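The residues making up each chain are set out below.
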Amino acid sequence: MSLLTVYRLATIAATPFASAALNWRANHGKEDPARLAERMGESNRPRPRGRLVWLHGASVGESLSLLPLIDRFIQRGLDVLVTSGTVSSARVLSARLPAGAFHQYAPIDAPKFVERFLDHWRPDIAVFAESELWPNIVAAVRARGAPLVLANARISRKSAERWRAVPGAAKSVFGAVDLCLAQDSDNAARFLALGARCVRIAGNLKFDVPPPPADSSKLAEFNGAIGGRPAWAAVSTHPGEEDLVLDAHVDMAAQTPSLLTIIAPRHRERGAEIVEAARARGLTAALRSQEGEPRRDVDVYVVDSVGELGLVFRSVGVVLMGKSLLPGGGQNPIEPAKLGCAILHGPYVENFTEVYGELAAAKAAARVTDAASLARAAHYLLSEPSRMRKMGRAAGETVERLGGASRGIMTAVEPYLAQMAVAQQ
């Protein structure tokens, strides 16, 4: 019995327990309690009458990377269904999807739920972001004859090694993809080795994503509260990194008593523990969700809200990208770069080697290794605003130069769109 058969039987056996599991997740903030039915393939929204493109991204980053494609599909007269699997991605997408596109939660990868989802939506083509391939979904889409495209395709070396340990399953899953549009040559090689049949290099869609928005009135209030204080931000931080950021703040504040450090953790529910860690160091700390704008006496301000990174990036000139000071692979620096921020990062950025390499070559990003080097780099940039602005301009110019993937991807999927048009006639 093949591994995929075992997986399929296991998901069938687990189906009766899905409702209880979803309710448990909802009680812990991991699901939207009002939309649990969508996770089981149900929807109270009717399918649009015309041609429908299904785009899927696992979480916030993957979903937002699809925005340039969404716009282009809508311009072609297609309706766009966008799915994701997290509460945070649904919240962010609800504010950023254009007219002509709508969001649903992706179904759990169990045959009953997948079939129910596909029976309702009947997508004419499926476009999944990065490497978000679930075996039952892939098999069901393939069985219905809809083209399956992997766009902005990326798979880490570690994930590829896990798939290579089960070569039969890898070939069945990746070989079912009609077109794999990889971000770069390294990822293309990994997908080919895993059994993908048609692989092309199309670039990174995230360079084409518009910068995160910010409400003008909120931005004015935020900047007004900061005033003339030197401020910097640590964004998308993970456990353990905030301790280094707080230690860096203590070092910097000895030279700049009015310093404001903004921390936006990757998982906003960790905000309270970060505030406590700051207070344990004798610092005054505040949560945005509880205290509103940063007061003048606040040393550390924790942004635990959803969809407000655009506010942060427009209000500071220096940004440390998290998941990089400790092993984790790094977070994507494109958004702050687009808004002209000087980028700092730790040594662990293997998930975004190309982007950080380009930023480093343009002198738009600097590498730090610990709290002491972080404090030195951030203090230098804050005390040398002309250098900070020069780095920020270089960052913006670099990511602008690297854009264009959405055009290439649309060219690559054009034959499938033409077939859809003919089939509708």
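These numbers come from a predicted model, not from an experiment.

Draft legend 1. How the structure looks around the overall build of the chain. Check the secondary structure of the chain and you find 21 helices and 14 strands. What you see for the chain is a C-alpha radius of gyration of 23 Å, in line with the 22 Å of a compact globule of 425 residues. Overall, the C-alpha framework of the chain stretches about 65 × 45 × 45 Å when taken along its three principal axes. Sequence-distant contacts in the chain: of pairs separated by 6 or more residues, those separated by 24 or more amount to 68%. Of the roughly 18200 Å² of accessible surface on the chain, a fraction of 52% belongs to carbon and sulfur atoms. Of the side chains in the chain, 50 bear a positive and 43 a negative charge, and the two mean positions are spaced by 5 Å.

Draft legend 2. How the structure looks around the sheet that holds strand β12 (residues 318–321). The parallel open sheet is built from seven strands, whose spatial order is β10-β11-β9-β8-β12-β13-β14. What marks the edges here is a single partner per strand, and that holds for β10 (285–287) and β14 (365–367). Each adjacent strand pair in this sheet contributes to an overall mean axis angle of 20°, direction not counted. Pairing of β10 with strand β11 (residues 300–302), which is carried by three bridges, proceeds in the parallel orientation. Paired with A285 across the two strands is V300, which belongs to β11. Across the sheet, helix α18 (residues 353–361) lies against β12, β13 (342–345) and β14, angled at about 125° from β13, the strand it touches most.

Draft legend 3. Fine view of the packing of aromatic side chains. The final tally for this structure, using the stated rule, is six aromatic pairs. Relative to F117, the ring of W54 lies with its centre 4.8 Å away and its plane at 50°, an arrangement referred to as tilted. With a gap of 63 residues between them, W54 in strand β1 (residues 52–56) and F117 in helix α7 (residues 111–121) connect regions that are remote in the sequence. For W54, a relative accessible area of 1% puts it in the buried group. Centre to centre, the rings of F222 and Y301 are 5.9 Å apart; their planes meet at 45°, and the pair counts as tilted. Of the two residues, F222 is situated in helix α12 (residues 216–226) and Y301 in strand β11; the sequence distance between them amounts to 79 residues. The exposure classification of F222 matches that of Y301, with both residues buried. Taken together, the ring pairs connect W54, F117 and F128 into an aromatic cluster. When the ring centre of F352 is taken as reference, the NZ or CZ atom of R154 above it lies at 5.3 Å.

Draft legend 4. Looking closely at unusual backbone geometry. Even without a glycine there, the phi angle at K323 is positive, about 60°. Looking at the element boundaries, K323 is found in the loop between β12 and α17 (334–338). Among the residues examined, K323 registers a relative accessible area of 26% and is labelled partly exposed. For K363, which is not glycine, the phi torsion reads 60° and is therefore positive. Assignment of secondary structure puts K363 in the loop between α18 and β14.

Draft legend 5. Representation of the environment of E397 in the model. Following the sequence through the fold, E397 ends up in helix α20 (residues 385–401). A residue is classified by how much of its surface remains accessible, and E397, at 56% relative accessible area, is exposed. Spatially, the C-alpha atoms of E397 and W121 are 41 Å apart, while their sequence positions differ by 276 residues.

Draft legend 6. The environment of A233, seen in detail. Secondary-structure assignment places A233 in strand β8 (residues 231–237). Along the primary structure A233 and V319 are separated by 86 residues, whereas in three dimensions their C-alpha atoms are 4.9 Å apart. With near-sequence residues (within four places) excluded, A233 lies in contact with I262, V312, V316, V318, V319 and L320.

Draft legend 7. Spotlight on the pairing of strand β3 (residues 101–105). Within β3, five of the five residues are buried, which leaves it mostly tucked inside the rest of the structure. Along β3, one buried face is formed by A101, H103 and Y105 and the opposite face, lined by F102 and Q104, is buried too. Summarising the sheet, strand β2 (residues 79–84) and β3 pair through five bridges and their orientation is parallel. What sits directly across from V80, in β3, is A101. Regarding the hand of the β-α-β motif, the stretch spanning β2, helix α6 (residues 87–96) and β3 is right-handed.

Draft legend 8. Representation of the side chain of R288 in the model. Mapped onto the secondary structure, R288 falls in helix α15 (residues 288–291). Judged by its relative accessible area of 12%, R288 is buried. Side chain to side chain, R288 and E308 meet in a polar contact 2.6 Å long. Residues in contact with R288, not counting those within four places in the same chain, are F222, E293, Y301, V302, V303, D304, S305, E308 and L311.

Draft legend 9. Expanded view of a nonpolar patch on the surface. There is a patch of nonpolar side chains on the surface, built from M1, L3, V6, L9 and I12 and spanning about 510 Å² of accessible area. Relative to the elements of secondary structure, L3 occurs in helix α1 (residues 3–14).

Draft legend 10. Broad picture of the side chain of R39. Assignment of secondary structure puts R39 in helix α3 (residues 36–39). Classification of R39 by relative accessible area gives buried; the value is 13%. Of the polar contacts made by the side chain of R39, one reaches the side chain of E31; its length is 3.2 Å. Among the polar contacts listed, one links the side chain of R39 to the backbone oxygen of A106, at a separation of 2.7 Å. Those residues in contact with R39, other than ones at most four positions away along the chain, are L22, E31, G85, Y105, A106, P107, I108 and F113.

Quick notes on the rules
Residues numbered from 1 in each chain as written. Predicted model: local features only at pLDDT ≥ 70, side-chain atom pairs only at ≥ 80, totals over all residues. Heavy atoms only, no water. Helix = DSSP H or I, 4+ residues; strand = E, 2+ residues; numbered from the N terminus. Rg over C-alpha atoms; globule rule 2.2 N^0.38 Å. Contact = heavy atoms within 4.5 Å. Areas by Shrake-Rupley, 256 points an atom, 1.4 Å probe, with all protein chains shown as cover. Lys, Arg positive; Asp, Glu negative; His and termini not counted. Charge placed at Lys NZ, Arg CZ, Asp CG, Glu CD. Pairing = 2+ DSSP bridges. Axes fitted to C-alpha atoms, helices over the stretch in contact; angles between N-to-C directions. Phe/Tyr/Trp six-rings, centres within 6.5 Å; stacked < 30°, edge-to-face > 60°. Buried < 20%, exposed > 50% of the residue type's maximum accessible area, 1.4 Å probe, protein only. Lys NZ or Arg CZ within 6 Å of the ring centre and 35° of its normal. Right-handed = clockwise from strand over helix to strand, strands pointing away. Polar contact = N/O pair within 3.5 Å; in protein donor to acceptor, adjacent residues only side chain to side chain. Patch = residues over 30% accessible without salt bridge, like charges linked within 9 Å, V, L, I, M, F, W, Y side chains within 5 Å. Salt bridge = Lys/Arg side-chain N within 4 Å of Asp/Glu carboxyl O.

So, to be careful, I would describe these as geometric facts and stop short of saying anything about function.
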